[in-house]
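Understanding the architecture of this molecule
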Amino acid sequence: MLVYGLTAALASMIALLTLLPLAAPPLASGGGDKVYHFIAFAGLMLPVAILQPRALVWMIPVALLFGAGIEIIQPYVNRSRVVADFLADGAGVLAGSSCGLAVHKLRVGH
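Model, not experiment: these values are computed from the prediction. (Residues numbered from 1 in each chain as written. Predicted model: local features only at pLDDT ≥ 70, side-chain atom pairs only at ≥ 80, totals over all residues. Heavy atoms only, no water.)

Thoughts on the overall build of the protein
Note the cut-off: Secondary structure elements are defined from DSSP: runs of H or I of at least 4 residues count as helices, runs of E of at least 2 residues count as strands, and each element is numbered from the N terminus. Only C-alpha atoms enter the radius of gyration, while the globule expectation follows 2.2 Å times N to the 0.38, with N the number of residues. Note on classification: 1.4 Å probe, protein chains only; a residue is buried when its accessible area is under 20% of the maximum for its type, exposed when over 50%, partly exposed between these limits.
Scanning the protein from terminus to terminus reveals four helices and zero strands. For the protein, whose C-alpha radius of gyration is 15 Å, the value lies close to the compact-globule estimate of 13 Å for 110 residues. Expressed as lengths along the three principal axes of its C-alpha atoms, the size of the protein is roughly 50 × 25 × 20 Å. Relative to its full complement of 110 residues, the protein shows a buried share of 32%.

Re the pattern of salt bridges
Worth spelling out the cut-off: Definition used for salt bridges: Asp or Glu carboxyl oxygen within 4 Å of a side-chain nitrogen of Lys or Arg.
One pass over the structure, following the stated rule, counts two salt bridges. Among the ionic pairs, Lys-34 bridges to Asp-85, the shortest N-O distance being 2.6 Å. Separated by 51 residues along the polypeptide, Lys-34 in helix H2 (residues 34–51) and Asp-85 in helix H4 (residues 83–108) bring together distant segments of the chain. Put simply, Asp-33, Lys-34 and Asp-85 are held in one network by salt bridges that share partners.

Notes on H2
Applicable threshold: Helix span, as expected, comes to 1.5 Å for every residue beyond the first. The quantity called bend is, for any residue, the angle between two axes fitted respectively to the seven residues ending at it and the seven beginning at it. By definition, residues are in contact when any of their heavy atoms lie within 4.5 Å.
For H2, with 18 residues, the first-to-last C-alpha span of 27 Å sits near the 26 Å given by 1.5 Å per residue. A bend of about 25° at Met-45 is the largest found in H2, and the proline Pro-47 appears one to four places after it. For H2, the complete set of buried residues consists of His-37, Phe-41, Ala-42, Leu-44, Met-45, Pro-47, Val-48, Ala-49 and Ile-50. Of the surrounding secondary structure, the elements contacted by the buried residues of H2 are helix H1 (2–19), helix H3 (56–73) and H4.

Digging into the packing of aromatic side chains
Applicable threshold: In summary, the pairing rule links any two rings of Phe, Tyr or Trp, Trp by its six-membered ring, whose centres are within 6.5 Å, and it sorts them by plane angle into stacked for under 30 degrees, edge-to-face for over 60 and tilted for everything else.
Counted by the stated rule, this structure contains two aromatic pairs. Aromatic side chains Tyr-4 and Trp-58 sit 6.0 Å apart centroid to centroid with 35° between the ring planes, which places their arrangement in the tilted category. Taken as a pair, Tyr-4 in helix H1 and Trp-58 in helix H3 lie far apart in primary sequence, 54 residues in all. On the basis of an interplanar angle of 45° and a centroid distance of 5.8 Å, the ring pair of Phe-41 and Phe-66 is categorised as tilted. Residue Phe-41 is found in helix H2, and its partner Phe-66 is found in helix H3; the two are separated by 25 residues along the sequence. Judged by relative accessible area, which is 2%, Phe-41 ranks as buried. Classification of Phe-66 by relative accessible area gives partly exposed; the value is 23%.

A short note on a nonpolar patch on the surface
Filter applied, for reference: Patch definition: residues with relative accessible area over 30% and no salt bridge; like charges joined within 9 Å; nonpolar side chains (Val, Leu, Ile, Met, Phe, Trp, Tyr) joined within 5 Å. Computed with a 1.4 Å probe, the accessible areas rest on the Shrake-Rupley method; for each residue, only the protein chains presented here act as cover.
Taken together, the side chains of Met-13, Leu-16, Leu-17 and Leu-20 define a hydrophobic patch exposed on the protein surface, amounting to about 390 Å² of accessible area. Mapping Leu-20 onto the fold places it in the loop between H1 and H2. You can call Leu-20 partly exposed: its relative accessible area is 44%.

Okay, structure coming up:
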């Protein structure tokens, strides 16, 4: 299905952006990158929640494991492991899922 292809493409982009070694200081230092984490993971969940809401039963845990995995791997690619990044990922997962479910309900009229 198209929604899973889109989700896989978004996950690939997130992995690429979060696992490439940093050659320069991050654009948002001092914790500002948490917004990027939140937006990325909200965007990851939004299409699934809108188009395949029943898939959230397995997609939410997979997305959370994906975020945790990124944080575990980052020290091996010259990046920092930051628990607050994972918390921002989790908040994004919940926000994207919730917003997507709301849009889905508006679309189908329940």
